[in-house]
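Structural overview for review
Next come the chains, spelled out residue by residue.
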Amino acid sequence: MAKSAYLGLKDFLLFVILCVLAFSSSVSARPATFLQDFRVTWSDSHIRQLDGGRAIQLVLDQNSGCGFASKYQYLFGRVSMKIKLVPGDSAGTVTAFYMNSDTASVRDELDFEFLGNRTGQPYTVQTNVYAHGKGDREQRINLWFDPAAEFHTYSIMWNHHHVVFYVDEIPIRVYKNNEAKGIPYPKFQPMGVYSTLWEADDWATRGGLEKIDWSKAPFYAYYKDFDIEGCPMPGPNNCASNANNWWEGAAYQALSPVEARRYRWVRMNHMIYDYCTDKSRYPVTPPECFAGI
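This write-up is about the structure you can find in this document. (Residues numbered from 1 in each chain as written. Predicted model: local features only at pLDDT ≥ 70, side-chain atom pairs only at ≥ 80, totals over all residues. Heavy atoms only, no water.)

**Examining unusual backbone geometry**
A cis geometry characterises the amide bond from Ala217 onward to Pro218, with omega recorded as 0°. Within the secondary structure, Pro218 sits in the loop between β14 (192-199) and β15 (219-233). Cis geometry marks the peptide bond from Met233 to Pro234; its omega dihedral reads 0°. Position of Pro234 among the secondary structure elements: in the loop between β15 and α3 (257-270). Residues other than glycine seldom take positive phi values, yet Asp225 does so here, at roughly 55°. Its place among the elements puts Asp225 in strand β15. (Helix = DSSP H or I, 4+ residues; strand = E, 2+ residues; numbered from the N terminus.)

Structure representation (structure tokens):
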């Protein structure tokens, strides 16, 4: 009888452990190899796995750029990667890291786009937010370091309260959920995680004035520490609405005082373009520009 009870308890504990592991896998995928979470979407000959798949190299030459995407879409969570951008004369190149709902007309999208430049000139990162099909919310910041010299971490936090873009854990942009004021917010459509390296010298560097120098090709960008923590879709029906998901916690519903100071420092010292202040495009300031952080 005692032995039977012991076996019953053992089986129950094993069941509990398996349930916990299953739940963890439904909301979390800590730094993984490339093929665990991603697939090549464009020109597999230009994406090379390094270090046993823990890192990859993206290649751009005159034949092609390349791209990859997550195997799943996610509804809320946090995604981050460490990226080392194209070094030297990178004018006309764009390295993009973004989330996209992959829907034709009413798309949601959260963009990092790294705009190359001439040697010695700063890299510019452009962010954009599409919500319910409406985008054109570009902001540009000159990075305060050389992003091609070593890896830096770029992250997107997305929960019911706000979207935050981070560079090395420093917030550079916040898009608040202000649906109560009639401002669209991406919360209904799951989004995949994407990245591309491509040529865009018709607009990327100084509005297209600086063209790509193909004599410097091939161009290389490097990625590692792929980290997606979110609710995969399809997945458990209650995952996205679960208030116990760590990214929905009180600490992540608004910037901390330290984060807010860092955010203001970036905006005051490194922002070079903000659609909110572009009167030629928006004579009436868009309402989300008054939302604050």
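**Examining the state of the cysteines**
In total, this model carries two disulfides according to the counting rule given. Between the sulfur atoms of Cys231 and its disulfide partner Cys239 the distance amounts to 2.0 Å. Linking Cys231 and Cys239, the disulfide has an S-S dihedral of approximately -80° and is accordingly described as left-handed. Each member of the pair, Cys231 together with Cys239, is buried. Between Cys276 and Cys289 runs a disulfide, and the two sulfur atoms are separated by 2.0 Å. The sign of the S-S torsion, about -85°, decides the handedness of the disulfide formed by Cys276 and Cys289: left-handed. Of this pair, Cys276 sits in the segment after β16 (271-274) while Cys289 sits in the segment after β16, placing them 13 residues apart in sequence. Residue Cys276 is classed as buried on the basis of its relative accessible area, which comes to 12%. A relative accessible area of 23% places Cys289 in the partly exposed class. (Disulfide = S-S within 2.5 Å. Buried < 20%, exposed > 50% of the residue type's maximum accessible area, 1.4 Å probe, protein only.)

**Details of the sheet that holds strand β5 (residues 66-70)**
Reading across from one edge, β2-β5-β14-β7-β8-β9-β10-β16 is the order of the eight strands in this open sheet, with antiparallel pairing throughout. Where the open sheet ends on each side, the last strands, each with one partner, are β2 (38-42) and β16. Neighbour to neighbour, the strand axes of the sheet diverge by 15° on average, direction disregarded. The pairing of strand β7 (residues 93-100) with β14 spans eight bridges and is classified as antiparallel. (Pairing = 2+ DSSP bridges. Axes fitted to C-alpha atoms, helices over the stretch in contact; angles between N-to-C directions.)

**Quick word on the environment of Ala91**
Residue position: Ala91 is located in the loop between β6 (73-84) and β7. In the structure, Ala91 is positioned 117 residues away from Gly208 in sequence and 9.3 Å away in space, judged by C-alpha atoms. Not counting residues up to four positions away in its chain, the partners in contact with Ala91 are Gly116, Asn117, Arg118, Thr205, Glu210, Lys211 and Ile212. (Contact = heavy atoms within 4.5 Å.)

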